[in-house]
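Read off the chains here:
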Amino acid sequence: MAHRPRGADAVYVAYAPDLAVPGAPETVTRLAALARDAGVRRLVLLSGRGETEAQRAEAMVGDAFPGRTVVRCAFFAQNFSESFLRDAVLDGAVVLPVDGVAEPFVDLEDVADVAVAALTDDAHAGRVYELTGPRALTFAEAVAEIAAASGREVAYVPVTADAFAAGLRAEGVPDDAVELLEYLFTEVLDGRGTPVADGVRAALGREPRDLREVAEREAAAWAAPVAASVPGARAGGTAGAQP
């Protein structure tokens, strides 16, 4: 940032491709300090569950901007409909190095609702909300839900991490993106994020939306093929689809 904007009352911080990449915690902390000095009253940081660097960023931002709100997210359901897994669904095979691990996929509409609440109400200052869906599903189960909602034949195909990385590189995916995806699917998605959290209920007073409801609502996203999208994951984290 070359200058300090004046007049802003609230700031939403979402770092792409992910808070886990080198330098991300320092960058968002500098932004938080600038926001503080500019008189911003509320700051909301998008973060990811199970990521050591993301939680380091949360702490650093908290030091620079006391009263920040953290929305710490599970894997975005919309990664299947708006981001790097959409083409895989359209091609009929979601191929990932995750086998048997369950994840409580979160609806980005829920993330957006929590972020708006925190940006407009001081009651959320200083809170850390862990946002998940109401149940954990394996990726095979999630793909089955999407197949049922979309009416498409879609299979889930587990592969080794080496085969996954080799396939990405064969498609021309840059090395840094391959490394980030490998990190996501072999370390973050290792079961540590399986437990369902109550962040949506705590922030909004209602239950989170289930992946089945999200898939039915977003079924039109799988109606026709599109040009290949740029891979860039997240789970909670912060890449791929954003609120």
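Just above sits the structure.
Because the structure is a prediction, the values reported are computed rather than measured.

With that settled, consider the overall build of the protein. Along its length, the protein carries nine helices and eight strands. Expressed as a percentage of the 243 residues in the protein, the buried residues total 51%. Long-range pairs, those at least 24 residues apart, make up 84% of the contacts in the protein with a sequence separation of at least 6. Carbon and sulfur atoms make up 52% of the accessible area of the protein, which totals about 10400 Å².

Spatially, β1-β2-β3-β6 is the arrangement adopted by the four strands of the open sheet, whose pairing is parallel. Looking along the sheet, the strands with just one partner apiece sit at the ends: β1 (10-13) and β6 (128-131). The average angle at which neighbouring strand axes cross in this sheet is 15 degrees, direction not considered. Here helix α4 (residues 108-120) sits on the sheet in contact with β1, β2 (42-48), β3 (69-73) and β6, set at roughly 155 degrees to β2.

Let's shift gears to the pairing of strand β4 (residues 93-96). Residues V94 and L96 line the buried face of β4, whereas the alternating positions A93 and V95 sit on a face that is not buried. Here four bridges tie β4 to strand β8 (residues 155-158), and the two strands are oriented parallel to one another. Paired with A93 across the two strands is A155, which belongs to β8.

A word on the nonpolar core. Grouped together as the largest cluster of nonpolar side chains are 36 residues, with contacts concentrated most on F75, F80, V94, L96, F105, F139 and F185. Where this core is concerned, the elements lending two or more residues are α3 (86-91), β4, α5 (139-150), α6 (161-170), α7 (175-188) and α9 (211-217). Here this core takes six residues from α7, the largest share from any one element. With residues up to four places along the chain from it excluded, the contact list for F105 reads F75, A77, F80, T132, G133, R135, L137, T138, F139, A142 and L211.

Relative to the helices and strands, T132 is located in the loop between β6 and β7 (137-138). Within the structure, T132 has its side chain in polar contact with the backbone nitrogen of A197 (distance 3.1 Å).

Now for α4. Taking 1.5 Å per residue, 13 residues should reach 18 Å; α4 reaches 18 Å between its end C-alpha atoms and fits that length. Of all the positions in α4, only L108, D110, V111, V114, A115, A117, A118 and L119 are classed as buried. For α4, the secondary structure elements touched by its buried residues are β1, β2, β3, β6 and α8 (199-204). Two to three positions downstream of the cap, the backbone nitrogen of E109 sits 3.1 Å from a side-chain oxygen, assigning the N-cap of α4 to D107.

Take the environment of A142 next. Within the secondary structure, A142 sits in helix α5. When the C-alpha atoms of A142 and A102 are compared, they prove to be 9.3 Å apart, with 40 residues separating the residues in sequence. With residues near it in sequence (within four places) discarded, A142 still touches F80, F105, L137 and L211.

A separate point is the packing of α6 against α7. Running from N to C, α6 and α7 point in directions that differ by 150 degrees, and their axes come no closer than 10 Å. By the angle between their axes, α6 is roughly antiparallel relative to α7. Where α6 crosses over α7, the handedness of that crossing is right-handed. Residues A161, F164, A165, L168 and R169 of α6 form the contact with α7, whose own contacting residues are D175, V178, L181, E182, F185 and T186. Partitioning the contact of α6 with α7 into residue classes produces seven nonpolar, one polar and three charged.

Here we take up the environment of G199. Relative to the elements of secondary structure, G199 occurs in helix α8. G199 gets classed as buried once you look at its relative accessible area, which sits at 2%. When near neighbours in sequence (up to four residues on either side) are disregarded, G199 contacts Y129, E130 and L131.

Rules of the game
- Residues numbered from 1 in each chain as written.
- Predicted model: local features only at pLDDT ≥ 70, side-chain atom pairs only at ≥ 80, totals over all residues.
- Heavy atoms only, no water.
- Helix = DSSP H or I, 4+ residues; strand = E, 2+ residues; numbered from the N terminus.
- Buried < 20%, exposed > 50% of the residue type's maximum accessible area, 1.4 Å probe, protein only.
- Contact = heavy atoms within 4.5 Å.
- Areas by Shrake-Rupley, 256 points an atom, 1.4 Å probe, with all protein chains shown as cover.
- Pairing = 2+ DSSP bridges.
- Axes fitted to C-alpha atoms, helices over the stretch in contact; angles between N-to-C directions.
- Core = buried A, V, L, I, M, F, W, Y, C linked by side-chain atoms within 4.5 Å.
- Polar contact = N/O pair within 3.5 Å; in protein donor to acceptor, adjacent residues only side chain to side chain.
- Expected span 1.5 Å × (residues − 1).
- Parallel < 35°, antiparallel > 145°, perpendicular 65-115°, else oblique.
- Left-handed = near helix turned anticlockwise from the far one by under 90°.
- Nonpolar A, V, L, I, M, F, W, Y, C, P; charged D, E, K, R; others polar.

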